[in-house]
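Chain by chain, the residues:
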Amino acid sequence: MKYGLLTYDENRRFFNVGDNIQSLAAKQFLPQVDTFLNRERLGEYQGEQIQLIMNGWFTHNIHNWVPSENIDPIFVSFHMNNTAAPFMLSEKGIAYLKKHEPIGCRDQFTADTLKSKGIDAHFTGCLTLTLDSYKVDDSQRGDDIYIVDPLYSYPRPEKIFYNTKLTIKNILNGSAFQLGKKNKHLKNFISKDVLDVAEFINQEPPSNQFSDEQKFEMAEALLNKYARAKLVITSRIHCALPCLALGTPVIFVNGFDSFVDSCRFDGILELFNRIDVNSKTGEFTANFPLENKINLDTVVKNLEKHHDLANALKEKVTSKLN
């Protein structure tokens, strides 16, 4: 049997290393990688029969769904966003998923959406919860604090000024005048000493500059950094979920207020120490003991609720691979 690994289309200006982290989670189970398969072009594949772990977000190219019959899919940690579901769950799409059921879903929203169409689906959590293969001994853990794309759904220059049309739109709707909101809200719950010493990491580097191999090297480098961190504060689930697997203390900052974002988190948010931020007022609540703000002496212990999900995922993927 041949084995494939998912790669991803880029935006015009940036790409999401979190996608490659998801692929690394799949790669660790494969005997070898024979070819890369682009997530948005699975319907075009015409090579010999190949097995592919289908984890992550599906899909931006809704008109190229369903995948080729030459792909033998393993459906775990599958996410179908609410924006794509009406198109992907056509008669043809439903028949395809029923053919390959049961479908393991990354979030409860996806499981419920598929079940409403008569598809056998269940919540599995995210395959990145199995990335403990990158875990290091605690003796290698340093004092580094990483703040990774906090409140990235807030207005930010690369989104506001993406192109002329969006720039005009964001000026007219007022978003362009809210570029300082993220830093203002972060200061409400993160102390100045932490903000001063922490390393800020962007998991969306510039696009059209790196090969797939280089992107995977970036993803591995990030996992190796997170594995040795004292603390990670992030709004990226593909930073926070791997940190659980790595045993790295992590705080998830939830400032999302659109259903496109929040539907991804159904069943996942419960796994984290979490700060929920009101995106309008900046008021926040924490689901863990927090005196005033996160400071250099703040100690958090992960909730350790992910182990059953991770173990079940490992068992399912291993059992399905030929």
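Residues numbered from 1 in each chain as written. Predicted model: local features only at pLDDT ≥ 70, side-chain atom pairs only at ≥ 80, totals over all residues. Heavy atoms only, no water.

### Description of the pairing of strand E3 (residues 50-58)
Step number 1: Among the nine residues that make up E3, nine are buried, leaving the element largely enclosed by the rest of the structure.
Step number 2: Judged from the three bridges that link them, strand E1 (residues 2-7) and E3 form a sheet pairing that is parallel. Residue pairing in the sheet places Tyr3 in a bridge with Gln51 of E3.
Step number 3: Bridge analysis of E3 against strand E4 (residues 71-80) gives eight bridges, and the strand direction is parallel. Counted as the bridge partner of Ile50 is Ile71 from E4. (Buried < 20%, exposed > 50% of the residue type's maximum accessible area, 1.4 Å probe, protein only. Helix = DSSP H or I, 4+ residues; strand = E, 2+ residues; numbered from the N terminus. Pairing = 2+ DSSP bridges.)

### Structural notes on the sheet that holds strand E7 (residues 145-148)
Step number 1: Pairing is mixed in the open sheet, where six strands are placed in the order E8-E7-E9-E10-E11-E12. Only two strands of the sheet have a single partner each, and these edge strands are strand E8 (199-201) and strand E12 (284-286). For this sheet, the mean inter-axis angle between neighbouring strands, taken without regard to orientation, is 20°.
Step number 2: As paired strands, E7 and E8 are joined by three bridges and run parallel to one another. The residue of E8 that forms the bridge with Val148 is Ile201.
Step number 3: Strands E7, E8 and strand E9 (231-234) of the sheet are contacted by helix H9 (residues 212-227), whose axis makes an angle of about 145° with E8.
Step number 4: Each of E7, E9 and strand E10 (250-254) touches helix H10 (residues 237-246); the most contacted strand, E10, lies at about 155° to it. (Axes fitted to C-alpha atoms, helices over the stretch in contact; angles between N-to-C directions. Contact = heavy atoms within 4.5 Å.)

### As for the packing of aromatic side chains
Any two aromatic rings considered together are summarised by their centre-to-centre distance and by the angle between their planes.
Step number 1: Counted according to the given criterion, the structure contains 14 aromatic pairs.
Step number 2: When the ring of Trp65 is compared with that of Tyr96, the centres are 5.7 Å apart and the planes differ by 80°; the resulting orientation is edge-to-face. Placement of the pair is Trp65 in the loop between E3 and E4 and Tyr96 in helix H3 (residues 91-99), with a sequence separation of 31 residues. Note on accessibility: Trp65 and Tyr96 belong to one class, buried.
Step number 3: Members of the aromatic cluster, joined through ring pairs, are Phe58, Trp65, Phe75, Phe78 and Tyr96. (Phe/Tyr/Trp six-rings, centres within 6.5 Å; stacked < 30°, edge-to-face > 60°.)

### So, unusual backbone geometry
Step number 1: Cis geometry marks the peptide bond from Phe58 to Thr59; its omega dihedral reads -10°.
Step number 2: One can find Thr59 in the loop between E3 and E4.
Step number 3: Residue Pro102 follows Glu101 across a cis peptide bond; omega there is 5°.
Step number 4: Secondary-structure assignment places Pro102 in the loop between H3 and strand E5 (103-105).
Step number 5: Here the phi dihedral of Asp149 falls at roughly 45°; this positive angle occurs in a residue that is not glycine.
Step number 6: Tracing the chain through its elements places Asp149 in the loop between E7 and helix H5 (157-160).
Step number 7: A positive phi angle is found at Glu304, which is not glycine, with a value near 60°.
Step number 8: Counting through the fold element by element, Glu304 comes out in the loop between E12 and helix H12 (307-320).
Step number 9: Since its relative accessible area comes to 43%, Glu304 is described here as partly exposed.

### A short note on helix H1 (residues 17-27)
Step number 1: For H1, the buried fraction is high: ten of the eleven residues fall into the buried class.
Step number 2: Buried residues of H1: Val17, Gly18, Asp19, Asn20, Ile21, Gln22, Ser23, Leu24, Ala25 and Ala26, and no others.
Step number 3: The inward-facing, buried residues of H1 abut E1, E3, H9 and H10.
Step number 4: Where H1 starts, the residue carrying a side-chain oxygen 2.8 Å from the main-chain nitrogen of Gly18 turns out to be Asn16. (Polar contact = N/O pair within 3.5 Å; in protein donor to acceptor, adjacent residues only side chain to side chain.)

### Some remarks on the pairing of strand E11 (residues 273-277)
Step number 1: Burial analysis of E11 places four of its five residues in the buried class, which makes it a mostly covered element.
Step number 2: Sheet topology note: the E10/E11 ladder contains four bridges and is parallel. Bridging across to E11, Ile251 finds its partner in Asn273.
Step number 3: Where E11 and E12 come together, three bridges link them in antiparallel fashion. Directly across from Val277, in E12, lies its bridge partner Phe284.

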